[in-house]
Amino acid sequence: MDNLTNEEKKQSIVSDEKAKELEEAVDGNSNMRVLTGWVKYSFMTIAVAGALFHLYILNFHPIDPMIFRSIHLAFGAVLGFILFKGWKTNSNKVSILDWLLIAAILYVTFYIYTNLQAVLSRFGTVPQTQDTIVAVLGFIVVLELTRRTSGWTLPILAGIFSLYAFIGPYLPGILNHRGYSFERFVTYIFKDNGIFGVTLDVSSKYILLFIVFGAFLQMSGVGRYFIDFAFSLAGGMRGGPAKVAVISSGLMGMMNGTSAGNAVATGSLTIPLMRRVGYSGRFAAATEATASAGGQIMVPIMGAGAFIMAEVTGIKYSEIIIAATIPALLYFISVYFMVDLQAVKNNMRGLKRNELPSLKGILKQAYLFIPIIILITSLVMGYSVIRSGTISILACLVVSWIHPSTRMGLKKIIHALELGMKNTIQLLAVCACAGIIVGVIALTGVGQRFSSLLLSIADNNMLVALIFAMLISIILGMGMPTTAAYAVAASVVAPGLIQMGLEPLAAHMFVFYFAVMSAITPPVALAAYAAAGVAGTDPFKTGVTAFKLGIAAFIVPFMFIYSQELMMMGAGWKILLATITASVGIYFLAAMVQGWFAGGKTNFLVRILLLAASLTLINAGLVTDLIAIGIAAVAVVIQRMKNKSEPPISTNKAV
């Protein structure tokens, strides 16, 4: 930073210490060891070697998928058992159990490498004793790694599904199946049908690549620039820091792959500033959580679930991000309306201009957006995801050399590679564990039977089916990272919606959207809990507030199902009109939730009218739009009359 002028030093609202937090804070996990000595350098060496290995294999020398995925799992497990503690302790020493688990995964990987053909032919059909031992060891490693990195929820769910494989013959109705021997089950799951299936495939090829890209963005100063850009753009508006949280969390969240991690990383800066301008601690934490969850649907990277969607559906990734653009914007518009109406109610102001980054300095550094622009352009032009991601990493490196403050030398490059691999551990574990659930669903056929049940309950009523699909996706996602939540819901729920006539892209996007929303849905709302930890507020109450803030976004998936123009399908003018009417509908719902409309506090009748108007706008069409306008006009008239009959209320909480 020594080469910066005084003006340039002042233009960033993010201090060097805070920037380091943003680079390091990924999942908010307090279970990490503080590595020192030879263990620290061993971890760094393994992480850098792992990142370079993946980049080399993906771009220059493809190998057998089973071997590649097993090595991918081995890198994640070795690094994970070194970094994450097995239990709560003040000791940072890697325990004997950790070394045994590391030895186990290395043995499993060596066995797969040296017995590949036998593994592919025997596993899941006629396994030998050694095959079963290897599969059991791998199973234990995956469950323990997931428990350490993501908590108990996903391993317990995987255990319940695994148990179902054995008790199925004793269950009634659609849950009944013929049952499987232990040997066949465990080797079937520890193959490309389960743990090494589509979820770990996506992790090894796409998730790691883009998390490394995110690490390069952060190390080159782009992560800091995103937040400075958001502050310069919205920090001076009423309730400015809350709007900054919405913008910066969307930009940061698309590249770090986890809602909770995003809430911790950006919330450590935005939450104190939101409280400073008048928002309560709970509202500030909830705003950050809601915006951070939305980062998972923000194009072009969309966290990690979109890569799984592309693999499961066979739809080009470029088509997915095009279809997801308007729904993502609608999500953030809905959160923006919520925080803006809260600021209006409390007569808040924003930060002073001299407290914000220099607009001139921000514009001078606009070139830092180039890697993102290159990524979007290359994807839309039809380049593969791997090629696009690799080019963007190189672009990030080149762009960093433009100015001394962002220049990446060898030390920063090594740090970026290490950080990228480190940040991959949790999602890698989640994808492997989710593979267990997906494998059980495929082995037992329960997913197909569940789809049939969904059809029979809905009785071909699409709205009823969508509501059931929404509830199931949210319930399955509670307590799980978005990636795992979507992987499970896509196996259980999406096939039923497709059978009812929905296009695969629309069905999977619907499920994905609500898997994301599970991160802010009580009683287990991971993103809200993470933000509550930063704000020092009650986690459950913060989750309820986050759910309230995000409730307007709950109608967005229904909007793009009934108005597929919102997924960029149809004529340009129809897409524009549908986007405008959807935005208006979201505003009405936000006004209803916040109880503020047309310059005053609303009564029960106005709220009901606003709800009716917003729901009417779900289905884009001239008749429904006219009805919504009529309902809204009545609400405006009633509200104006109410405003005139009541004295103005002073609620000035300005800074």
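Residues numbered from 1 in each chain as written. Predicted model: local features only at pLDDT ≥ 70, side-chain atom pairs only at ≥ 80, totals over all residues. Heavy atoms only, no water.

Along its length, the chain carries 31 helices and 2 strands. Relative to its length of 655 residues, the chain is compact, with a C-alpha radius of gyration of 25 Å against a globular reference of 26 Å. Structurally, the chain occupies a C-alpha span of about 85 × 70 × 50 Å along its principal axes. In the chain, which comprises 655 residues, the proportion classed as buried is 60%. Of the contacts formed within the chain by residues at least 6 apart in sequence, a portion of 78% connects residues at least 24 apart. Only carbon and sulfur atoms are counted for the fraction: they give 66% of the accessible area of the chain, which is about 25,200 Å². For the chain, the distance from the average position of its 45 positive side-chain charges to the average position of its 29 negative side-chain charges is 7 Å. (Helix = DSSP H or I, 4+ residues; strand = E, 2+ residues; numbered from the N terminus. Rg over C-alpha atoms; globule rule 2.2 N^0.38 Å. Buried < 20%, exposed > 50% of the residue type's maximum accessible area, 1.4 Å probe, protein only. Contact = heavy atoms within 4.5 Å. Areas by Shrake-Rupley, 256 points an atom, 1.4 Å probe, with all protein chains shown as cover. Lys, Arg positive; Asp, Glu negative; His and termini not counted. Charge placed at Lys NZ, Arg CZ, Asp CG, Glu CD.)

A few words now on helix α3 (residues 37-59). End to end, α3 covers 34 Å across 23 residues, agreeing with the expected 33 Å (1.5 Å per residue, within 8%). The complete set of buried residues in α3 reads Val39, Phe43, Ala47, Val48, Gly50, Ala51, His54, Leu55, Ile57 and Leu58. Packed against the buried residues of α3 are α4 (65-83), α10 (198-219), α19 (385-400) and α20 (410-444). (Expected span 1.5 Å × (residues − 1).)

Glancing now at the confidence of the model for the chain. Mean pLDDT over the chain: 85, with 93% of residues reaching 70 or higher. Confidence over residues 1-10 falls short of pLDDT 50; this stretch has 11 contacts with residues more than four positions distant or in other chains. Scored below 50 in pLDDT, residues 650-655 shows 15 contacts in the model against residues more than four places distant or in partner chains. (pLDDT = per-residue confidence, 0-100.)

For the structure shown, the criterion picks out 9 salt bridges. Among the ionic pairs, Arg122 bridges to Asp131, the shortest N-O distance being 2.7 Å. We classify Asp131 as buried; its relative accessible area is 0%. The residue Arg148 makes a salt bridge to Glu144 at a minimum N-O spacing of 2.7 Å. Of this pair, Arg148 and Glu144 both sit in helix α7 (residues 129-150), 4 residues apart, which is roughly one turn of that helix. The same class applies to Arg148 and to Glu144, which are both buried. Overlapping salt bridges bring together Arg33, Asp98, Glu144, Arg147 and Arg148 as one network. (Salt bridge = Lys/Arg side-chain N within 4 Å of Asp/Glu carboxyl O.)

Attention now moves to the packing of helix α9 (residues 182-189) against α20. Contact geometry for α9 and α20: axes closest at 9 Å, N-to-C directions at 125 degrees. Judged by the inter-axis angle, α9 sits oblique to α20. Handedness of the crossing formed by α9 with α20: right-handed. Here Arg184, Phe185, Tyr188 and Ile189 of α9 lie close against α20, whose contacting residues are Ile436, Gly439, Val440, Ala442 and Leu443. Residue classes in the contact of α9 with α20 are distributed as 7 nonpolar, 1 polar and 1 charged. (Axes fitted to C-alpha atoms, helices over the stretch in contact; angles between N-to-C directions. Parallel < 35°, antiparallel > 145°, perpendicular 65-115°, else oblique. Left-handed = near helix turned anticlockwise from the far one by under 90°. Nonpolar A, V, L, I, M, F, W, Y, C, P; charged D, E, K, R; others polar.)

For the rest of this paragraph, the subject is the environment of Ala49. As for its placement among the helices and strands, Ala49 is situated in helix α3. Overall, the relative accessible area of 39% leaves Ala49 in the partly exposed class. Sequence separation of Ala49 and Ser318 is 269 residues, and the distance between their C-alpha atoms is 30 Å.

The next thing to look at is the state of the cysteines. For the coordinates displayed, the defined rule picks out 0 disulfides. Cysteine Cys431 is unpaired, with the sulfur of Cys433 as its nearest cysteine sulfur at 10 Å. For Cys433, a relative accessible area of 0% gives the class buried. (Disulfide = S-S within 2.5 Å.)

Each α-helix turn comprises 3.6 residues. Residues three or four places apart therefore point the same way. Here helix α16 (residues 317-345) contains 29 residues, and its C-alpha end-to-end distance of 42 Å stays within 8% of the 42 Å for a straight helix at 1.5 Å per residue. Helix geometry: α16 is bent most strongly at Thr325, by close to 40 degrees, with proline Pro327 lying one to four residues after it. Where burial is concerned, most of α16 is hidden: 21 out of the 29 residues are buried. Downstream of α16 by one or two residues, Asn347 has phi in the positive range, about 55 degrees. (Bend = angle between axes of the 7 residues up to and from the residue.)

A cluster of nonpolar side chains, Ile174, Leu175, Leu453, Ile457 and Phe468, forms an exposed patch at the surface whose accessible area comes to about 360 Å². As for its placement among the helices and strands, Ile457 is situated in helix α21 (residues 446-458). (Patch = residues over 30% accessible without salt bridge, like charges linked within 9 Å, V, L, I, M, F, W, Y side chains within 5 Å.)

We now examine the packing of aromatic side chains. Counting across every chain of the model gives 30 aromatic pairs. With centroids separated by 5.1 Å and ring planes inclined at 80 degrees, the aromatic side chains of Phe337 and Tyr587 adopt a geometry described as edge-to-face. Residue Phe337 is located in helix α16, and its partner Tyr587 is located in helix α29 (residues 572-594); the two are separated by 250 residues in the primary sequence. Here the aromatic rings of Tyr587 and Phe597 are separated by 6.5 Å at their centres, their planes lie at 50 degrees, and the arrangement is tilted. Of the two residues, Tyr587 is situated in helix α29 and Phe597 in strand β1 (residues 596-597); the sequence distance between them amounts to 10 residues. On the accessibility criterion, Tyr587 (26% relative accessible area) is partly exposed. The exposure class assigned to Phe597 is buried, which follows from its relative accessible area of 6%. Ring pairs connect the aromatic residues Tyr206, Phe210, Phe213, Phe307 and Tyr317, which therefore count as one cluster. Lying over the aromatic face of Tyr41, Lys40 brings its terminal NZ or CZ to 6.0 Å of the ring centre. (Phe/Tyr/Trp six-rings, centres within 6.5 Å; stacked < 30°, edge-to-face > 60°. Lys NZ or Arg CZ within 6 Å of the ring centre and 35° of its normal.)

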